[in-house]
Amino acid sequence: MDALVSTTEEEEAVRFLLDAESSRRLLVLRAILDAGAGVASVAEAWELLEAAERVGPDSFRQVLLDPQVGLWAASLLRRLSRRDPSATADEAPLHVELGFLRQVAVAVFIACGADFRARVPVREGLVFLPGVGRATVGGDPWGTAEVRGDDGRVRVIAGDVSVTLPEKRDQDAPGWEGQRWLHARHAGMSLTLALDDLGPYAPVPTLTTSGRLSRAQFASWQHWFERMWRVLVDRHRSRARALTAGLRSVVPLPRGERLRARAASSSDAFGCLLLSEPDEDAEFLPAQLGVAVLHEFRHTLLNGLLFLAPLFDETDELFYAPWRDDPRPLGGLVHGAYAFSGVAQYWRSCGPEGLAGFEFAIWRNAVRVVLESLRNHPAMTPLGHTMIDGLAEQTEGWCAEPVGPREERLARLAAVHHHATWRAHHLQVSPAEATRLAESWRAGRRADIGARIEPVLRVDVRARRLDSFAMLARLSLTVPVEFDALRVEEDPATKVPGVMPADLALLDGDAGTAVKLYSEELAGPNSRPAAWAGLGLALTECGEREAGTAVTTHPEVALAVARSLPAPPDPVLLAHWLAK
């Protein structure tokens, strides 16, 4: 626990969790066997799996820990627990899923070079072998194929189709797509992991993956990982060593929006990361990719710990998370605190200025805010409190550490803007209170919001890109030419969705212009909730601190009053009124 409750990662703790994951998967396999008791094909597949383990116990463990095996086992066990496990419209036939036990066994036989013969299911004309590759056999989309291994020669045979695996399994051949591997070596340390663009089981079904990459695309990933690995080894050597122990695969995602790389992980796929193609900036790319890897790896570690012991009890309560557009459940908040404490630690060691200074400043504040929400929450278990207290103790002094003044300002603007925009979207003032305030405004009475306003959380599914200020700050720090070009765009939203000229003016230090532009937007019929957050910040920077603070602290109140009036009010006057 001492090693796991840390803002960094340690190899020994990773190996401990990996052993636990291996044990857990064996238990899941046993549960699948028990659920399939009485089915002859399951019993036969189990015998084949036992034979494979006897032939190559080390190879068996490696295949068992393949993320695709974890995803298959978890999804099948959930399916078998249903009252009716028969296939739905988007599921493979049950015999195909149960037959994956045979594919696991075959992968073990191939890994240890044994001779064997085994029948395996065909999935939509394909035969996938975890950690090895995929054969296209066609024919019956849900039929069977025979896999033969003779003196190191492996073939997949279905009807008249015979696919021979190349000697180097990671290469392609007629009818065969090999499992390719990313390799990086620097200063005596090596990292090898699968680039999984073949697996039939999606770690996060809601994310669209890239599919099979071309040779050029794979070469790009190889190049990116080599550059990332040099940075990690040189600056974060112990953390890099932990990655070598626990990382298994990367699932590629298409490139997202500029400076908004996407990343994800799954509790069922220990050591598997989903990463979008990074931006191509020469200086920014290695850090962007390295942070994404460490971030998602920490999610993997916490998932491993959660399988051993609960850190929190389930609750319906939702919370503000400084890294998300939407309100998050308690588990999401715990995960975020753990992951982003590691992200902040990464940037902390990279210097106080430029991108590193900004990232450290924004994430140390985010972690502090969330840890305060979690420290005394009654739903946290004793072990959960141990983890939160440990992280709080390690990060306690971070806010006193200096960063550059520009970086500090940008991080403050980004943090306040995100929180205020989140409130404007997700907190709603009751219609009665909104009407009362609107009547007070029209009658010239004091606002007197004080403690009387108790907004209610109502999730707004339209909330998007609440991190726009952080994204623009990164752009101004890393590629100022692009930021300057946006600054003179009449409609910057055509280049960067969700961004308006007022946002750019405020970040650029032109608060007076920002107030004018935000006021014009808020006087129109289709203003963004984020415009109230921006106006509050701009007023604060212009010296009108009380008015600015009133709006950034309660943007949902300003929004509710404005919407309750027959015509949009002067937003600056409304801000000053709310401050009284």
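Here, every reference points to the structure presented above.
What you are looking at is a predicted structure, and each value in this text was computed from that prediction instead of being measured.

(A) Layout of the overall build of the chain. For the chain, the helix and strand inventory stands at 22 helices and 16 strands. For 580 residues, the compact-globule formula gives about 25 Å, and the C-alpha radius of gyration of the chain, at 27 Å, lands near that figure. Counting only C-alpha atoms and orienting by the principal axes, one finds that the chain spans roughly 90 × 55 × 45 Å. Taking the contacts inside the chain whose residues are at least 6 apart along the sequence as the reference set, 68% of them involve residues at least 24 apart. With an accessible surface of roughly 24,900 Å², the chain has 50% of that area assigned to carbon and sulfur atoms.

(B) Seen up close, the sheet that holds strand β9 (residues 189-195). One open sheet holds the five strands; their spatial order is β8-β9-β10-β12-β11, and the pairing between them is mixed. Each edge of the open sheet carries a strand with a single partner, namely β8 (180-186) and β11 (263-265). Averaged over neighbouring strand pairs, the angle between their axes works out to 30° when direction is ignored. Looking at chain direction, β11 and strand β12 (residues 272-276) are connected through three bridges and run antiparallel. The partner of Ala-263 across the bridge, within β12, is Leu-275. Taken strand by strand, helix α9 (residues 284-308) contacts β11 and β12, and its axis lies near 145° from that of β12.

(C) Looking closely at the pairing of strand β3 (residues 133-136). The pairing of strand β2 (residues 126-129) with β3 spans four bridges and is antiparallel. Directly across from Leu-126, in β3, lies its bridge partner Thr-136. Between β2 and β3, which pair antiparallel and follow one another directly, the connecting turn spans three residues, one of which, Gly-131, has a positive phi of 80°. Where β3 meets strand β7 (residues 176-178), three bridges bridge the pair, whose relative direction is antiparallel. Bridge pairing links Gly-133 to Gly-178 in β7.

(D) Layout of the pattern of salt bridges. All chains considered together, the criterion is met by 40 salt bridges. Glu-482 is the partner of Arg-258 in a salt bridge, and the nearest nitrogen-oxygen pair spans 2.9 Å. Highlighted residues: Arg-258 in the loop between β10 (249-253) and β11 and Glu-482 in helix α16 (residues 480-487), separated in sequence by 224 residues. When its relative accessible area of 32% is taken as the criterion, Glu-482 is described as partly exposed. Linking Asp-467 and Arg-260 is a salt bridge whose minimum nitrogen-to-oxygen distance equals 3.0 Å. With a gap of 207 residues between them, Asp-467 in the loop between β16 (456-457) and α15 (468-478) and Arg-260 in the loop between β10 and β11 connect regions that are remote in the sequence. Take Asp-467: its relative accessible area is 26%, and that puts it in the partly exposed class. Judged by relative accessible area, Arg-260 falls into the buried class, the value being 13%.

(E) Here's a closer look at unusual backbone geometry. A positive phi angle, close to 50°, is found at Asp-151, a residue other than glycine. The residue Asp-151 is located in the loop between β4 (144-150) and β5 (153-158) in this model. Unusually for a residue other than glycine, Leu-259 sits at a positive phi of about 60°. Relative to the helices and strands, Leu-259 is located in the loop between β10 and β11. In this structure Leu-259 comes out as buried when scored by relative accessible area, which is 7%.

(F) Up close: helix α14 (residues 431-443). Over its 13 residues, α14 runs 18 Å from end to end, which matches the ideal 18 Å to within 8%, given 1.5 Å per residue. All of the buried residues along α14 are Ala-434, Arg-436, Leu-437, Ala-438 and Ser-440. On its buried face, α14 sits against α21 (555-564) and α22 (571-579). In the stretch just after α14, Gly-444 is the one whose phi turns positive, near 80°.

(G) Structural detail: the packing of helix α1 (residues 11-35) against helix α2 (residues 40-55). The contact between α1 and α2 brings their axes to 9 Å, and the two run at 150°. With respect to α2, the element α1 is oriented roughly antiparallel. When the axes of α1 and α2 are compared, the crossing they make is left-handed. Facing Leu-29, Arg-30 and Leu-33 of α1, the residues of α2 in contact are Val-42, Trp-46 and Leu-49.

The rules behind each value
Residues numbered from 1 in each chain as written. Predicted model: local features only at pLDDT ≥ 70, side-chain atom pairs only at ≥ 80, totals over all residues. Heavy atoms only, no water. Helix = DSSP H or I, 4+ residues; strand = E, 2+ residues; numbered from the N terminus. Rg over C-alpha atoms; globule rule 2.2 N^0.38 Å. Contact = heavy atoms within 4.5 Å. Areas by Shrake-Rupley, 256 points an atom, 1.4 Å probe, with all protein chains shown as cover. Pairing = 2+ DSSP bridges. Axes fitted to C-alpha atoms, helices over the stretch in contact; angles between N-to-C directions. Salt bridge = Lys/Arg side-chain N within 4 Å of Asp/Glu carboxyl O. Buried < 20%, exposed > 50% of the residue type's maximum accessible area, 1.4 Å probe, protein only. Expected span 1.5 Å × (residues − 1). Parallel < 35°, antiparallel > 145°, perpendicular 65-115°, else oblique. Left-handed = near helix turned anticlockwise from the far one by under 90°.

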